Protein chains: 4
Amino acid sequence: MNLRTDLALEKREIIAEEEPDGIICERTEASGAAVTRIEVINEAGEKKLGKPVGKYITVEMSAFSEDSRIFDGRLKTLTDELSRLLPKEGTILVIGLGNRDITPDALGPRCCELILATRHISGEVARSAGLGKLRPVASVVPGVLGKTGIETAETVRGIAETVKPSAVITVDALAARKVSRLGCTVQLADTGIVPGSGVGNSRCGLNRELLGVPVISIGVPTVVDAATLVCDMIEDTGHTVEESLRRRIEKEGAAVMVTPKEIDLTVERASRLVAMAINCALQPDITPEDLLALVS
Amino acid sequence: MNLRTDLALEKREIIAEEEPDGIICERTEASGAAVTRIEVINEAGEKKLGKPVGKYITVEMSAFSEDSRIFDGRLKTLTDELSRLLPKEGTILVIGLGNRDITPDALGPRCCELILATRHISGEVARSAGLGKLRPVASVVPGVLGKTGIETAETVRGIAETVKPSAVITVDALAARKVSRLGCTVQLADTGIVPGSGVGNSRCGLNRELLGVPVISIGVPTVVDAATLVCDMIEDTGHTVEESLRRRIEKEGAAVMVTPKEIDLTVERASRLVAMAINCALQPDITPEDLLALVS
Amino acid sequence: MNLRTDLALEKREIIAEEEPDGIICERTEASGAAVTRIEVINEAGEKKLGKPVGKYITVEMSAFSEDSRIFDGRLKTLTDELSRLLPKEGTILVIGLGNRDITPDALGPRCCELILATRHISGEVARSAGLGKLRPVASVVPGVLGKTGIETAETVRGIAETVKPSAVITVDALAARKVSRLGCTVQLADTGIVPGSGVGNSRCGLNRELLGVPVISIGVPTVVDAATLVCDMIEDTGHTVEESLRRRIEKEGAAVMVTPKEIDLTVERASRLVAMAINCALQPDITPEDLLALVS
Amino acid sequence: MNLRTDLALEKREIIAEEEPDGIICERTEASGAAVTRIEVINEAGEKKLGKPVGKYITVEMSAFSEDSRIFDGRLKTLTDELSRLLPKEGTILVIGLGNRDITPDALGPRCCELILATRHISGEVARSAGLGKLRPVASVVPGVLGKTGIETAETVRGIAETVKPSAVITVDALAARKVSRLGCTVQLADTGIVPGSGVGNSRCGLNRELLGVPVISIGVPTVVDAATLVCDMIEDTGHTVEESLRRRIEKEGAAVMVTPKEIDLTVERASRLVAMAINCALQPDITPEDLLALVS
């Protein structure tokens, strides 16, 4: 069956086995957030999970739409998880993927508006502004293929050759299988982005093979695939989705997307939370409150 | 069964009878558009259709997202249908309903940005600008209850008492039952707006009872209710949706909405088409091309 | 001489006399802000200052563009000054004046997006949300005459008749004489709004005469009149601006406006500061931090 | 004297001589537009005009804010002038310079939203869509240094190395000396962009030296430098601006910008006119009406 989800957590749930070969999974409860760590360790695991060898960390928390405050356990948990995936030194290049004009796909571009770009600030200027030592950060919104005529991967490679980062962070909207995952989940991975994520546009891979440095992807599910939703519901009745019906569902579902009703609030707050986790992980010498004041 | 749709056309399809009591229905093909006229003529018809006595005109056309040009049969058909519903004299008050910040609900506010407001332009100014005689038009975006603290109906009544229009036109996003109706359908009605339309917020009725003048509503379906979509799909398999499953579907579906993937384009173009139909119906002495130039 | 400013403070500076008849003026330094209170007490004062009898309070502070944090003395000073001008009981109607699409004129509409509207929230709902007793607040953005065809004063009067507030607060962008006043000044007045403010569109007065209740206006200067700026500069050289030159300056200046280079940041932060001062003054039982979380 | 203008036309006006060495100037009236061609032919001309050797074409027309229609002589004149500067073959890379969030600086980014990107469309797809042969076009909005941490020139060089265009077109907002030039002027040049244009941020040069291919810059003046405006006015009185006054004017003027009151309309329409001229010059086999329908 072809269930559409970008979450390793949901792909893991599909596998019936308790301890599938090549996949390690552990779950912990942090302050205000549940963290699931899935690691794909070999080719057998890749085939089972349908995702490349690497680490996938899912952080589940209370709904973004319910509270606008971020200085609680959620920000700290995300910051800590991200910090562990990043190299300790060097310039970081943050890439905001997606289409600014389609709300559920705008997470990446809107997140980048709140990233503290520092690569152009000299040490002297930073010191005179009382900021201490700043880690160099650059931030780019490459736009979407249909508007630019350039594959995102081409744009990012061109810029990475100039900026020469020690790692790239991508931020993107994801698709989940279950409605209950929307607006309350963040996934981090050290394998970059593979084609087919987000609101349905396949893209070239943005990963270490292409860019020569680690690519950490941060994603927030904002849509559910309509066909997946309908098939799940039908099968939950105990019935089988026959082939002719499946084709109809796939066809009709391909034109639509399922989003939370409060999608604007979800994207606004998720963008801010993710941006602040990136800022906090990259500038540990500045307090979260001061970082928020610097970017908003 | 509780199928959620704001389209009289879809409610009519649900009724199995061929010639239901109290409902008259006819369908014609116009240039580039199919027009279905449904008239509810008495209380029996009201009960059957679940809509008050009055006229419901559905115009089906090619998808808004496929072509940005509007000076074809679609604009003319809409303009003609709207003209027939409007009084020939007096000020017209156009009300853009919905929430500007949620794309599928932004149709009304965005449409109002393209309405040619003329009530404040003196005859002398209009003549000196070469515009000839202008029909007085006012246009208001009342905002949503959650942001204003005021029921839309209260705001509109207050403004209508000041403007004293001969008729009110409301523009709003609607919910359809079928995905195939999204992004290619416009409904006109002479019964105003009844609670429960759009992206799920019930509102007080905006109608002749409240405002004392005819209320012509123009709506474009931009969302499908998720629960309705899933139930339809399941029943199309020949199975029954049992009560416990229905409750689960209703609960899960209540938090999400189903929209076209190209919702931003759909809303942008539908807003322009509807606004231009209103402008053309109200200022028949100005060409559509000149009207578009005046508002964009 | 026809110097264009909406600030009572600047009009007072123009008057050469030390203690002009009918005008009382005092200046104090509050935490992080300088407060000047000007009171016009009779007709003689009205003629001298060119503003109606009433209180004009100017709060000068550090530039909005320099720091995004608001929980300092500035917010407290503004909240305290506003609280003194408001009635202790009854519904408050907040009106966001200006044009959302022109950045220096967007202060009012953007401020209203951050006003906590509560008029529609029942006591029971508020209590169950842990909010305690809420003062009823409604908030409206009436739009501009050129887009609506309705005078702002007409719209507000129509809504006020429905909402029946105990006072109205208007928020608007103002014009200052001096560049140094832009982006760091807030004026409060209990006389409502008189025509000619803001980015140059005259409007009908919004005041107690029209609405029957106190009208508290809050304004932030975001533009300097270009002709005023040029005339001031020339006269500072010790030369006279002759009549023919003045006419040329007036004509050329009428088409342009002078704004801070960081006008987008200025308007964003001023909107937030003013909205939060209104929220804090109206809901004293909720902390500023919680209020910010509720509206952003 | 240090008059700030990005227009070669205005720099030429400052030079008192009738036929300055190294500069050729001619003026013609086209349909609905006046075209001034200035050519700097040697180093003497460079020094005189303060601009590098190359061609500068200024097109003066009726105000953008007065008419939204573009299918008149203005579009044709701009298209023809631009066509003459472009190579006949190869991919064109369009760069939208400036800051999307500051209205007078948003010309470049907003123009790019209306560029028909075609580089990713295969010949087969184009033919099946009835578009015939498409010239490959890519379009990028690199953002501003303060937000990205990357010099625009670095970003563009990185992308150009990937896209390998036969020429680059830049679109940017400019500063003019005279208010009367705002909102009705377009400048084309074949020398790229030199530092110091636009709303006051100096940038590295984007030119043939950096990119290895012709760089055609298209600019529209949207601001006047405040200090320049004031100095001009004072000197028009027949008086001299003394050094101490000049310093004060420079200091105060540095914080503000002078823009047309209808700057939002100016930028919206100028973006569309420039984008359509680029589209028409690059896709001569498609009619302007069809091109507009494809991008809006």
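It should be noted that the structure appears before, not after, this text.
Calculation criteria
Here the residue numbers are simple positions, counted from 1 along each chain's written sequence. Chain letters start at A and ligand numbers start at 1, both assigned in the order the entries are written. Selection of residues for local features in this predicted model requires a pLDDT of at least 70, selection of side-chain atom pairs for listing and counting requires 80 or more, and totals for whole chains, interfaces and linings are taken over all residues. Excluding hydrogens and water, the side-chain values take into account all heavy atoms of the structure. Where helices and strands are cited, they refer to DSSP runs of H or I of at least four residues and of E of at least two residues respectively, numbered from the N terminus. Only the C-alpha atoms count toward the radius of gyration. The rule for a globule is 2.2 Å times the residue count to the power 0.38. For each residue, the accessible area found with a 1.4 Å probe, counting protein chains only, is set against the maximum for its type, and the residue is called buried under 20%, exposed over 50%, and partly exposed in between. Residues are treated as being in contact if the distance between any of their heavy atoms lies within 4.5 Å. Here, Shrake-Rupley sampling with a 1.4 Å probe gives the accessible areas, and only protein chains in the shown set may cover a residue. The charge count includes Lys and Arg as positive and Asp and Glu as negative, but it does not include His or the ends of the chains. A charged residue contributes its charge at one atom only: NZ of Lys, CZ of Arg, CG of Asp or CD of Glu. We superpose the copies by least squares over the C-alpha atoms of residues that have a pLDDT of at least 70 in both of them. For two strands to count as paired, DSSP must find a minimum of two bridges between them. Buried area: the sum, over both parts, of the accessible surface (1.4 Å probe) that disappears when the two are put together. Think of a polar contact as two N or O atoms within 3.5 Å of one another; within protein, one of them needs to be a possible hydrogen donor and the other a possible acceptor, and neighboring residues in sequence only count if both atoms come from side chains. Charged means Asp, Glu, Lys or Arg here, nonpolar means Ala, Val, Leu, Ile, Met, Phe, Trp, Tyr, Cys or Pro, and polar covers whatever is left, Gly included. Think of a salt bridge as a Lys or Arg side-chain nitrogen and an Asp or Glu carboxyl oxygen that are within 4 Å of each other. The arc in question is formed by the directions pointing from the helix axis toward the C-beta atoms. All axes are obtained by fitting lines to C-alpha atoms, using only the stretch in contact for helices, and the reported angles, taken between N-to-C directions, cover 0 to 180 degrees. Here a crossing is called left-handed whenever its near helix is offset anticlockwise from the far helix by less than a right angle, and right-handed whenever the offset is clockwise.

I'm lost on the overall build of chain A in this one. Help?
Along the backbone of chain A there are 12 helices and nine strands. By the compact-globule yardstick of 19 Å for 296 residues, chain A fits well, its C-alpha radius of gyration being 19 Å. In terms of overall dimensions, chain A has a C-alpha envelope of 70 × 45 × 40 Å along the principal axes. By residue count, 59% of the 296 residues in chain A fall in the buried class. In chain A, the share of contacts with a sequence separation of at least 24, taken over all contacts with a separation of at least 6, comes to 74%. Summing over all exposed atoms, chain A offers an accessible surface of approximately 11,500 Å²; the carbon and sulfur share of this is 49%. Distance between charge centres in chain A, computed from 35 positive and 43 negative side chains, equals 3 Å.

Even after reading the chapter, I still don't get the relation of the copies chain D and chain C, so can you show me in this structure?
Screw-axis analysis of chain D against chain C gives a translation of 0.0 Å along the axis, an RMSD of 0.0 Å, and a rotation angle of 180°. Both copies of the chain, as the preceding transformation shows, are related through a two-fold rotation axis. Residue Val258(D), judged by its C-alpha, is the member of chain D lying nearest the rotation axis, at 2.3 Å. Counting the interface residues of chain D, we find that 100% of their copies in chain C are interface residues as well, pointing to one common contact surface.

I would appreciate a short explanation of the relation of the copies chain B and chain D in the present structure.
Two chain copies here: they are related by a rotation about an axis and a translation along the same axis. Mapping chain B onto chain D calls for a rotation angle of 180° and an axial translation of 0.0 Å; the resulting RMSD is 0.0 Å. The share of interface residues of chain B whose copies in chain D are also at the interface is 100%, consistent with both copies meeting through the same surface.

Help me understand the pairing of strand S2 (residues 33-40) of chain D, please; the structure alone is not making it clear to me.
Every other side chain in a regular strand lies on the same face of the sheet, so the side chains alternate between the two faces. Residue and element names in this part refer to chain D. Along S2, six of the eight residues are buried, which leaves the element largely enclosed by surrounding structure. As paired elements, strand S1 (residues 23-30) and S2 share eight bridges and run antiparallel to each other. When the bridges of S2 are listed, Ile24 appears paired with Glu39. Connecting S1 to the antiparallel partner S2 that follows it, the hairpin turn spans two residues, and Gly32 within it adopts a positive phi of roughly 70°. One ladder, built from eight bridges, connects S2 with strand S3 (residues 54-61); its direction is antiparallel. If you follow Ala34 over to S3, its bridge partner there is Glu60.

What should I look at first to understand helix H12 (residues 288-295) of chain A in this one?
Since there are 3.6 residues in each turn of an α-helix, residues three or four apart along the chain are aligned in direction. Those residues of H12(A) lying buried are Leu291(A), Leu292(A), Ala293(A) and Val295(A). In this structure, the buried residues of H12(A) make contact with helix H11 (263-282) of chain A together with helix H11 (263-282) of chain C.

I'm lost on the interface of chain B and chain D in this one. Help?
Accessible area lost upon the coming together of the parts is a frequently used measure of interface size. With 11 residues of chain B at the interface, the matching set in chain D holds 11 residues. Together chain B and chain D conceal approximately 680 Å² of surface at their shared face, both sides included; 33% is due to carbon and sulfur atoms. Broken down residue by residue, the surface that chain B buries against chain D is led by Arg69(B), Ala293(B) and Ser296(B), which jointly contribute 57%. The tally of links from chain B across to chain D stands at two residue pairs in polar contact (both at pLDDT 80 or more). Mapped by element, the contributors of at least two residues to the side of chain B that touches chain D are helix H11 (263-282) and helix H12 (288-295) of chain B. Counting residues per element, the side of chain B that touches chain D draws most heavily on H12(B), which supplies four residues. Of the residues contributing to the side of chain B that touches chain D, the split by class is three nonpolar, two polar and six charged.

Any chance you could explain the side chain of Ser139(D) here in plain terms?
Position of Ser139(D) relative to the elements: it lies in strand S5 (residues 137-140). Here Ser139(D) falls in the buried class, since its relative accessible area comes to 3%. Residues in contact with Ser139(D), not counting those within four places in the same chain, are Lys147(A), Thr148(A), Leu93(D), Val94(D), Cys112(D) and Ile115(D).

Sorry if this is basic, but what is going on with the interface of chain D and chain C here?
In this assembly, 28 residues from chain D lie in contact with 29 residues from chain C. Between chain D and chain C, the buried area comes to about 2,800 Å², and carbon and sulfur atoms account for 63% of it. At the surface where chain D touches chain C, the tally comes to zero salt bridges. Our enumeration of links across chain D and chain C arrives at seven residue pairs in polar contact (both at pLDDT 80 or more). Those elements that provide at least two residues to the side of chain D that touches chain C are helix H9 (226-236), helix H10 (243-253), strand S9 (256-260) and helix H11 (263-282) of chain D. Its residues assigned to classes, the side of chain D that touches chain C shows 17 nonpolar, four polar and seven charged. In this structure, strand S9 (residues 256-260) of chain C lies alongside S9(D), joined through five bridges in antiparallel fashion.

Mind showing me how you'd approach the pattern of salt bridges here?
One side chain can pair with another of opposite charge once the charged atoms of both are near each other. All names here are of chain A. What the rule picks out here adds up to 72 salt bridges over all chains. Close ionic contact of Glu235 with Arg246 constitutes a salt bridge, the shortest N to O distance being 3.9 Å. Of this pair, Glu235 sits in helix H9 (residues 226-236) while Arg246 is found in helix H10 (residues 243-253), placing the two residues 11 residues apart along the sequence. Residue classification places Glu235 among the partly exposed positions, given a relative accessible area of 28%. For Arg246, a relative accessible area of 17% puts it in the buried group.

Mind showing me how you'd approach the environment of Leu49(B) here?
All names here are of chain B. Tracing the backbone shows Leu49 in helix H2 (residues 43-49). Between the C-alpha atoms of Leu49 and Glu13, which are 36 residues apart in sequence, the distance is 9.7 Å. What Leu49 contacts, discounting residues up to four positions off in sequence, is Ala8, Lys11, Arg12, Ile15, Ile23, Ile38 and Val40.

I tried to follow the environment of Glu243(B) on my own but got confused; where do I start?
Counting through the fold element by element, Glu243(B) comes out in helix H10 (residues 243-253). Along the sequence, Glu243(B) and Glu262(B) sit 19 residues apart, while their C-alpha atoms lie 34 Å from each other.

It is not clear to me how H10(D) should be interpreted in this structure. Could you clarify?
All of the buried residues along H10(D) are Leu245(D), Arg246(D), Ile249(D) and Gly253(D). The arc enclosing the buried residues of H10(D), seen along the axis, measures out at 100°, which places them on a common side. Opposite the packed face of H10(D), turned more than 90 degrees from it, sit the exposed residues Arg247(D) and Lys251(D). Those residues of H10(D) hidden inside the fold are in contact with helix H9 (226-236) of chain C together with H9 and S9 of chain D.

Sorry if this is basic, but what is going on with the packing of H11(B) against H12(B) here?
To describe two helices that pack against each other, one gives the angle between their axes and the distance between the axes. All names here are of chain B. Contact geometry of H11 with H12 gives a least axis separation of 10 Å together with a crossing angle of 115°. Between H11 and H12 lies a crossing whose hand is right-handed. Residues Arg272, Met276, Asn279 and Cys280 of H11 touch H12, and the partners they reach there are Pro288, Leu291, Leu292 and Val295. For the contact of H11 with H12, a count of residues per class yields six nonpolar, one polar and one charged.

Bear in mind that shape data such as this cannot, by itself, settle questions of function.
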